[in-house]
Amino acid sequence: MLFVCLLLACGGEAGTSLVYYETYDPRSLDPALSTDVPTGEMVTLLFDGLTQFDPNGRLVPGLADRWRAERGGQRYVFHLRPGVTFHDGRRLVAADVKASYLRVLDPATRGGRVWPLQPIAGVEGIEVLGDTAVAFTLTEPLAVFPKFLAMPVASIVPVPGGGGGAADFGQRPVGTGPWRFAAWRHDDELQFARNPDYWGGAPLAESLTVRIVPEPFTRGAEFLAGRLSVVEIPFGETAKWEAEHPDWLQRKPALRVIYVALNNRRGPLRDPRVRRAINHAVNVPEILRSVWNGRGIAARGAIPPALGGGDTTRVGYAYDTATARRLLAQAGYPNGFAIQLWRSGTNVELGRVAQAVQAQLAAVGIRAEVVARDASSMREAARNGQTDMALLDWWADYPDGDNFLYPLFHSASFGAGGNYSFYSDPVTDSLIMLARQTTDDAAREALYRRIDGRVYEAAPWLYLWFPVDLWAQHPSITGWEIPVIFNGQRWTTARRVTPK
Amino acid sequence: MIAFIARRLLSTIPTLFGVLVVTFLLLNVVPGDPVAEMVGERADSATIARLRAELRLDDPLPVQFGHYLWGVVRGDLGHSYITQRSVLGDLAERFPKTLQLAGAAMLLAASLGITLGVIAAVRPHGVVDRFSMLLAYVGVSFPVYWVGLLLILLFAVTLQWLPPSGYGGPEFLVLPALTLGTRSIAFLARMTRGAMLDVLSSDFVRTARAKGLSERLVIGRHAFRNALLPVITVLGLDVGNYLTGSILTETIFSWPGVGRYVLQAIEKRDLPAVQGSILFLSVVFVLVNLVTDLLYAKADPRVAYD
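Criteria and thresholds
Residues numbered from 1 in each chain as written. Chains lettered and ligands numbered in written order. Predicted model: local features only at pLDDT ≥ 70, side-chain atom pairs only at ≥ 80, totals over all residues. Heavy atoms only, no water. Helix = DSSP H or I, 4+ residues; strand = E, 2+ residues; numbered from the N terminus. Buried < 20%, exposed > 50% of the residue type's maximum accessible area, 1.4 Å probe, protein only. Contact = heavy atoms within 4.5 Å. Lys, Arg positive; Asp, Glu negative; His and termini not counted. Charge placed at Lys NZ, Arg CZ, Asp CG, Glu CD. Rg over C-alpha atoms; globule rule 2.2 N^0.38 Å. Areas by Shrake-Rupley, 256 points an atom, 1.4 Å probe, with all protein chains shown as cover. pLDDT = per-residue confidence, 0-100. Buried area = accessible area lost by both parts, 1.4 Å probe. Salt bridge = Lys/Arg side-chain N within 4 Å of Asp/Glu carboxyl O. Polar contact = N/O pair within 3.5 Å; in protein donor to acceptor, adjacent residues only side chain to side chain. Expected span 1.5 Å × (residues − 1). 1 Å grid on protein atoms, 1.4 Å probe; cavity = no way out; pocket = protein on both sides within 12 Å on 5 of 7 lines; lining within 4 Å. Points joined across faces, edges and corners; volume = space filled by probe spheres on them. Nonpolar A, V, L, I, M, F, W, Y, C, P; charged D, E, K, R; others polar. Pairing = 2+ DSSP bridges. Axes fitted to C-alpha atoms, helices over the stretch in contact; angles between N-to-C directions. Patch = residues over 30% accessible without salt bridge, like charges linked within 9 Å, V, L, I, M, F, W, Y side chains within 5 Å. Phe/Tyr/Trp six-rings, centres within 6.5 Å; stacked < 30°, edge-to-face > 60°. Core = buried A, V, L, I, M, F, W, Y, C linked by side-chain atoms within 4.5 Å. Arc of directions from axis to C-beta. Left-handed = near helix turned anticlockwise from the far one by under 90°.

Thoughts on the overall build of chain B
Stage number 1. In terms of regular secondary structure, chain B is built from 13 helices and zero strands.
Stage number 2. Tracing chain B from N to C terminus, the helices and strands come up as α-α-α-α-α-α-α-α-α-α-α-α-α.
Stage number 3. For the C-alpha atoms alone, the extent of chain B along its principal axes is close to 85 × 55 × 30 Å.
Stage number 4. Among the 306 residues that make up chain B, the fraction classed as buried is 49%.
Stage number 5. Within chain B, contacts between residues separated by at least 24 positions form 72% of all contacts whose residues are at least 6 apart in sequence.
Stage number 6. One finds the centroid of the 26 positive side-chain charges in chain B at a distance of 11 Å from the centroid of its 22 negative side-chain charges.

So, in structure tokens, the structure goes:
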């Protein structure tokens, strides 16, 4: 009731600028350093890759207007869009692509997130074909490679000429993207000006400001005061916003999964019956409804339903404490056992989920102790296999089922690679590799579905849900939609209209 | 005086060295891996190993510390692992903003707090006294973030008089300064009232009144000046605290100061940024204490340094 904000009053500081926000300052504006979401989103405004994603996660042409796979997906030829120039007026040529990728792969850049380019077979794997085409030879066939190239780290930069070292370029970036860099006041705001020559059509708005607003409550207040164009609604505030401002809300299923990694190599969790028992013991729809305001789709697999290979019709682990107890007894734990459930202390919403899971496990005799640590400590422990159960979430890097299988369940991804449950199954491994080499989309997605189902049966996780994103869009804004993938929104079609 | 300052500054060197050692050891004891924060999710162990080696994180601790110390001696606080920017440059960008916020909060606290305290002491148990002490009680008890959120709700969302958060003109400064200053206003008011009541009942005040001085002169010149020492102590401590960053206030109001910088650095295990910031802030704290000591002598001629 305190949030009294009349439509008229909210138009307060109209102007023509769009205002977006990040929760913390980007690392840099250098694509080579884009390892986190704020950096990746900002790089997406300034730069382009050969390919890119639209707000719905579809792969669309970027700086390359067409490409083709050769040799069963082991070689790719990308043809550059003609007439593209960098913000400083220089013309984009194929040599820039090679130089950009080599720069990311160069250890001196200290980029860190090099995996999207690692499938390329070294320096010799990149062939510049004149000014307008470039070919990549991979170490092995990889059907999703064109999606890797839409990642911010694979953006094309003008090298040399970006000027000086990485730190310098990261402060004054020059790209080909829809927005030109204007100013950056650290921890305060970034300013971008429209690139009138953008190959994809110049942005409709004159400028875009990105403010750094760390506190969710403050973001809500800023939005209601008309000083942010859009705002993401925290799960805990869903009901309030739905009641007060239903007209402003947009929702979209996110490419994200919430789960509890059950360490398949620790104690009682080694036994698949115990892991299945845990899945039966927890009433996921109930927790989803009460703790997350129903903003999610119960997971019966790891691949979100919005992606090819996602399956909502799979027969799931029904909430059934009797079955859970029976499975525990069969595994030799008729009286349950004690175990640790780790969660990140900084994420309040996941904290409530941890409590609910703890309470429900107690009903079948599993005494879970909730261990709350800061995100960095928890990540280290989980990567080193020191957590029994760890409440985690996984966001898509690229919209493809592979992103929910290879990092999460392939044995090559143990620990730091993303497989925090240390699930290991040679058949799964080889099926994943087979899928990665299958260039036919329908066949590949059928394989994803099969792999996801196979893993689901082994229950390496306590499967929770796929969240649904909820955003409020200010009534003065048109042409914006929720991106399912962090780098799917370029703000080119968004603009302010005078509110009536 | 100069000799005193020089001596005090020299004596801070061992203190700062101690701060460096303790920070360094603590950062190496806490769990969490700086390289894991650099590479983000989904990393490969080869990249992690390479980065660890490049950052010399696998060197023995004394070697790492010696390397860092050598940099500090040359005035180089290193570069952030995360942003690759110079730590000193980052601090130089943020410190003026923290200074601005701390200054505004202190100005508010000193003017309001001391005034309330003096008025309360002049008419003890009067209406102003009761009111200001209630206010002080409330101000000391309320948590900072709660005050901040309420102020945003009232002045930014409901009344729309002020922007909810951000950095800019004076209108952006009001709410965070009030939030940060609330505790100080309350504390200073109580402190001043107590000190004034002590002084007002002393012999020299009675003498001053007996020789016919106006009440204004008695309070303003004779009593207040003598009540100032404890007030300066409190002010000095608060300034020190505010200048070293007020994480909660800066976070709630999106204020780009050093508090948030340090918090972010700690979360990301950005060792050079954390170490550099703590060293820098220790220097600030030491300097503020020095200034406070000098102010004692200014306020009370009986305090002398030589």
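Moving on from the model shown.
Re the overall build of chain A
Stage number 1. Scanning chain A for helices and strands turns up 15 helices and 20 strands.
Stage number 2. Relative to its length of 500 residues, chain A is compact, with a C-alpha radius of gyration of 24 Å against a globular reference of 23 Å.
Stage number 3. Looking at the 500 residues of chain A, the share that counts as buried comes to 61%.
Stage number 4. Partitioning the contacts of chain A with sequence separation of at least 6, the portion at a separation of at least 24 is 71%.
Stage number 5. Total accessible area on chain A is roughly 17,800 Å²; 52% of this is exposed by carbon and sulfur atoms.
Stage number 6. Side chains of chain A carry 52 positive and 52 negative charges; the gap between the two charge centres is 3 Å.

Digging into the confidence of the model for chain A
Stage number 1. Confidence in the prediction for chain A averages 92 pLDDT; 95% of positions are at 70 or higher.
Stage number 2. Confidence drops under a pLDDT of 50 for residues 1-14 of chain A, and excluding neighbours within four residues, the segment shows 28 contacts in the predicted structure.

What about the interface of chain B and chain A?
Stage number 1. On the chain A side, the residues contacting the 48 residues of chain B number 58 residues.
Stage number 2. Together, the buried faces of chain B and chain A total about 4,400 Å²; carbon and sulfur atoms form 48% of this surface.
Stage number 3. Looking at the side of chain B facing chain A, the largest losses of area belong to E41(B), R42(B) and Q84(B), adding up to 19% of the total buried there.
Stage number 4. Salt-bridge contacts for R260(B) lead to D187(A); the nearest nitrogen and oxygen are separated by 4.0 Å.
Stage number 5. Our count for the chain B to chain A interface comes out at 20 residue pairs in polar contact (both at pLDDT 80 or more).
Stage number 6. Listing elements by their share of the side of chain B that touches chain A, those giving two or more residues are α2 (34-39), α3 (45-54), α5 (87-122), α7 (144-158), α11 (247-252) and α12 (258-267) of chain B.
Stage number 7. Sort the elements by how many residues they give to the side of chain B that touches chain A and α7(B) lands first, with six residues.

With respect to helix α15 (residues 441-458) of chain A
Stage number 1. In a regular helix each residue adds 1.5 Å, so 18 residues correspond to 26 Å; α15(A) covers 26 Å between its end C-alpha atoms and thus fits that length.
Stage number 2. Residues R444(A), L447(A), Y448(A), I451(A), D452(A), G453(A), V455(A), Y456(A) and A458(A) constitute the buried set of α15(A).

Description of empty space enclosed by the protein
Stage number 1. Going through the model one piece at a time under the given rule, you end up with three cavities of 30 Å³ or more.
Stage number 2. Computed from the structure, the largest cavity encloses a volume of approximately 190 Å³.
Stage number 3. Around the largest cavity, the lining comprises 17 residues; the ones closest to its centre are D25(A), I82(B), T83(B), Y261(B) and Q264(B).
Stage number 4. Of all elements in the fold, only α5 and α12 of chain B reach the threshold of two or more residues within the lining of the largest cavity.
Stage number 5. A per-element tally of the lining of the largest cavity places α12(B) first, with three residues.
Stage number 6. By residue class, the composition of the lining of the largest cavity is five nonpolar, three polar and nine charged.
Stage number 7. The calculated volume of the second largest cavity comes to roughly 50 Å³.
Stage number 8. Split by residue class, the lining of the second largest cavity holds four nonpolar, five polar and two charged.

Some remarks on the sheet that holds strand β1 (residues 18-22) of chain A
Note: strands within a sheet are paired through backbone hydrogen bonds, in either parallel or antiparallel orientation.
Residue and element names in this part refer to chain A.
Stage number 1. Taken in spatial order, the four strands of this open sheet run β1-β10-β9-β8, and their pairing is mixed. The strands lining the two open edges of the sheet, one partner per strand, are β1 and β8 (179-185). Ignoring which end each strand starts from, the neighbouring axes of this sheet average 20 degrees apart.
Stage number 2. Pairing of strand β9 (residues 189-194) with strand β10 (residues 207-212) involves five bridges; the strand directions are antiparallel. When the sheet's bridge partners are listed, A193 is paired in β10 with S207.

Quick notes on a nonpolar patch on the surface
Stage number 1. Judged by side-chain polarity, L134(B), Y137(B), V138(B), F142(B), Y145(B), W146(B), L150(B) and L248(B) come together as a nonpolar surface patch covering roughly 770 Å² of accessible area.
Stage number 2. When residues of the nonpolar patch are traced back to their parent elements, those giving at least two are α6 (127-141) and α7 of chain B.

Things to note about the packing of aromatic side chains
All names here are of chain A.
Stage number 1. By the definition in use, this model includes 35 aromatic pairs over all chains.
Stage number 2. Seen from their ring centres, F223 and W241 are 5.8 Å apart, and the 55 degrees between their planes marks the pair as tilted. With F223 in helix α6 (residues 216-224) and W241 in helix α7 (residues 238-244), this residue pair connects regions lying 18 residues apart in the sequence.
Stage number 3. Grouped by ring-pair contacts, the aromatic residues Y259, Y317, F409, Y423, Y456, W461 and Y463 constitute a single cluster.

Points about the pairing of strand β17 (residues 389-395) of chain A
All names here are of chain A.
Stage number 1. Burial within β17 is extensive, with five of its seven residues counted as buried.
Stage number 2. The sheet contact formed by strand β13 (residues 256-262) and β17 spans seven bridges and is antiparallel. Bridge pairing links Y259 to L392 in β17.

As for the sheet that holds strand β5 (residues 75-80) of chain A
All names here are of chain A.
Stage number 1. In spatial order, the strands read β4-β5-β7-β6; together these four strands make up an open sheet with antiparallel pairing. Two strands lie at the open edges of the sheet, namely β4 (64-70) and β6 (126-129), each paired on one side alone. The mean angle between the axes of side-by-side strands here comes to 20 degrees, regardless of whether they run parallel or antiparallel.
Stage number 2. Of the strand pairs in this sheet, β6 and strand β7 (residues 133-137) are connected by four bridges, and their pairing is antiparallel.

A closer look at the environment of L134(B)
Stage number 1. Residue position: L134(B) is located in helix α6.
Stage number 2. Residue L134(B) is classed as exposed on the basis of its relative accessible area, which comes to 53%.

Notes on the nonpolar core
Stage number 1. Judged by nonpolar contacts, the single largest core of 127 residues is most densely connected at L50(A), Y101(A), F136(A), F145(A) and W491(A).
Stage number 2. With residues near it in sequence (within four places) discarded, F145(A) still touches Y76(A), F78(A), P116(A), P119(A), I120(A), F136(A) and L138(A).
Stage number 3. L16(B), F65(B), L101(B) and L279(B) belong to the second-largest nonpolar core, a separate cluster that totals 44 residues.

Description of the pattern of salt bridges
All names here are of chain A.
Stage number 1. Tallied over the entire structure, the rule returns 44 salt bridges over all chains.
Stage number 2. Between E127 and R75 there is a salt bridge, with the nearest N and O atoms lying 2.6 Å from each other. Taken together, the positions of E127 in strand β6 and R75 in strand β5 put the pair 52 residues apart, joining distant regions of the chain.
Stage number 3. Classification of R75 by relative accessible area gives buried; the value is 14%.

Focus on α3(B)
Stage number 1. Those residues of α3(B) not exposed but buried are T47(B), I48(B) and L51(B). Within α3(B), the buried residues cover an arc of 100 degrees as seen down the axis, which keeps them to one side. The exposed set on the far side of α3(B), more than 90 degrees from its buried face, consists of S45(B), A46(B) and A53(B).
Stage number 2. Where α3(B) is buried, its residues touch α12 (375-383) of chain A together with α2 of chain B.
Stage number 3. Looking one or two places after α3(B), you find R56(B), whose phi comes out positive at around 60 degrees.

A few points about the environment of G32(B)
Stage number 1. Position of G32(B) among the secondary structure elements: in the loop between α1 (2-29) and α2.
Stage number 2. With a relative accessible area of 13%, G32(B) lands in the buried category.
Stage number 3. Contacts of G32(B), omitting those with residues within four sequence positions, involve S376(A), S377(A), E380(A) and R269(B).

What about the packing of α5(B) against helix α8 (residues 170-200) of chain B?
Residue and element names in this part refer to chain B.
Stage number 1. At their nearest, the axes of α5 and α8 sit 6 Å apart, and the two run at 35 degrees to each other. Where α5 crosses over α8, the two elements pack in a sense that is right-handed.
Stage number 2. A breakdown of the residues in the contact of α5 with α8 according to their chemical character gives 23 nonpolar, six polar and one charged.

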